[in-house]
Amino acid sequence: MILRTNSENTDFVALVKELDAYLKIVDGDDHDFYNQYNNIDVLKHTVVFYEKGVPVGCGAIKSFNAESMEVKRMYVNPEYRGVGIAQQILEELEKWTQELGYKYTILETGKRQVEAVAFYKKSKYQIIPNYGQYKGVENSVCFKKEL
């Protein structure tokens, strides 16, 4: 089950804490830079994926400009990876983006997050020049998808 909610949802908050702990390891010294752009209190459109009542994954979108929503805080608990949960979360976020009248989703992920880069490519996202705060950031890779 996928629940549309907001950043006040306690299951979403708990999953984001798991995500941040994971990213602190993967991003190393770069974590503090990225973390400053991942405040969840500004997220009004979040989803939580439940497997047999247990929250195991999440994601969010936020307005980037008049045409694009930015995908944020994508995460699936490692014990539940590889079975299509991330794909379902991403598809729900893309659907929600369209319902809100936007034409594109954009996102940033780290080059060290090899699985994430492969996942977005498989999901038909195209690499674009780094945008906004990610311009000139060596470890960042940015993507865009027309919906």
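Look above for the structure.
Everything numeric in this text was worked out from a predicted model, so none of it was measured.

**Student:** Before we move on, could you go through the environment of tyrosine 104 and cite the residues and values that matter?
**Tutor:** Considering the arrangement of structural elements, one finds tyrosine 104 in strand β5 (residues 104–110). In this structure the C-alpha to C-alpha distance between tyrosine 104 and lysine 145, which are 41 residues apart in sequence, comes to 5.5 Å.

**Student:** Explain the sheet that holds β5 to me, using residue names and the numbers behind them.
**Tutor:** Spatial ordering of the open sheet is given by β1-β2-β3-β4-β5-β7-β6, a layout of seven strands whose pairing is mixed. Looking at the sheet topology across the chains shown, the edges are occupied by β1 (2–5) and β6 (126–128). Sheet twist, expressed as the average angle between the axes of neighbouring strands with direction ignored, equals 30 degrees. Examined bridge by bridge, β6 and strand β7 (residues 140–146) share three bridges and lie antiparallel to one another. What sits directly across from isoleucine 128, in β7, is cysteine 142.

**Student:** Go over unusual backbone geometry, please, and point to the residues and values.
**Tutor:** At lysine 52, a residue that is not glycine, the phi angle is positive and equals roughly 55 degrees. Mapped onto the fold, lysine 52 is located in the loop between β2 (45–51) and β3 (54–63). Accessibility expressed as a relative area gives 80% for lysine 52, which makes it exposed.

**Student:** Before we move on, can you summarise the packing of aromatic side chains with the specific residues and values?
**Tutor:** Summed over all chains, the structure comprises five aromatic pairs. Taken together, a centroid distance of 5.0 Å and an interplanar angle of 70 degrees make the contact between phenylalanine 64 and tyrosine 131 edge-to-face. Note that phenylalanine 64 is positioned in the loop between β3 and β4 (68–76) and tyrosine 131 in the loop between β6 and β7, a separation of 67 residues in sequence. The class for phenylalanine 64 is partly exposed, based on a relative accessible area of 36%. Classification of tyrosine 131 by relative accessible area gives buried; the value is 8%.

**Student:** Kindly report on the pattern of salt bridges, identifying the contributing residues and their values.
**Tutor:** Throughout the structure, instances matching the rule amount to six salt bridges. In this structure, lysine 103 and glutamate 67 form a salt bridge, with 3.3 Å as the shortest nitrogen-oxygen distance. One end of the pair, lysine 103, is in the loop between α3 (85–99) and β5; the other, glutamate 67, is in the loop between β3 and β4, with 36 residues separating them in the sequence. Residue classification places lysine 103 among the partly exposed residues on the basis of a relative accessible area of 41%. Judged by relative accessible area, which is 37%, glutamate 67 ranks as partly exposed. Ionic pairing is found between glutamate 94 and lysine 145, a salt bridge with its closest N-O pair at 3.3 Å. Residue glutamate 94 is found in helix α3, and its partner lysine 145 is found in strand β7; the two are separated by 51 residues along the sequence. Residue classification places glutamate 94 among the buried positions, given a relative accessible area of 8%.

The rules behind the values
Residues numbered from 1 in each chain as written. Predicted model: local features only at pLDDT ≥ 70, side-chain atom pairs only at ≥ 80, totals over all residues. Heavy atoms only, no water. Helix = DSSP H or I, 4+ residues; strand = E, 2+ residues; numbered from the N terminus. Pairing = 2+ DSSP bridges. Axes fitted to C-alpha atoms, helices over the stretch in contact; angles between N-to-C directions. Buried < 20%, exposed > 50% of the residue type's maximum accessible area, 1.4 Å probe, protein only. Phe/Tyr/Trp six-rings, centres within 6.5 Å; stacked < 30°, edge-to-face > 60°. Salt bridge = Lys/Arg side-chain N within 4 Å of Asp/Glu carboxyl O.

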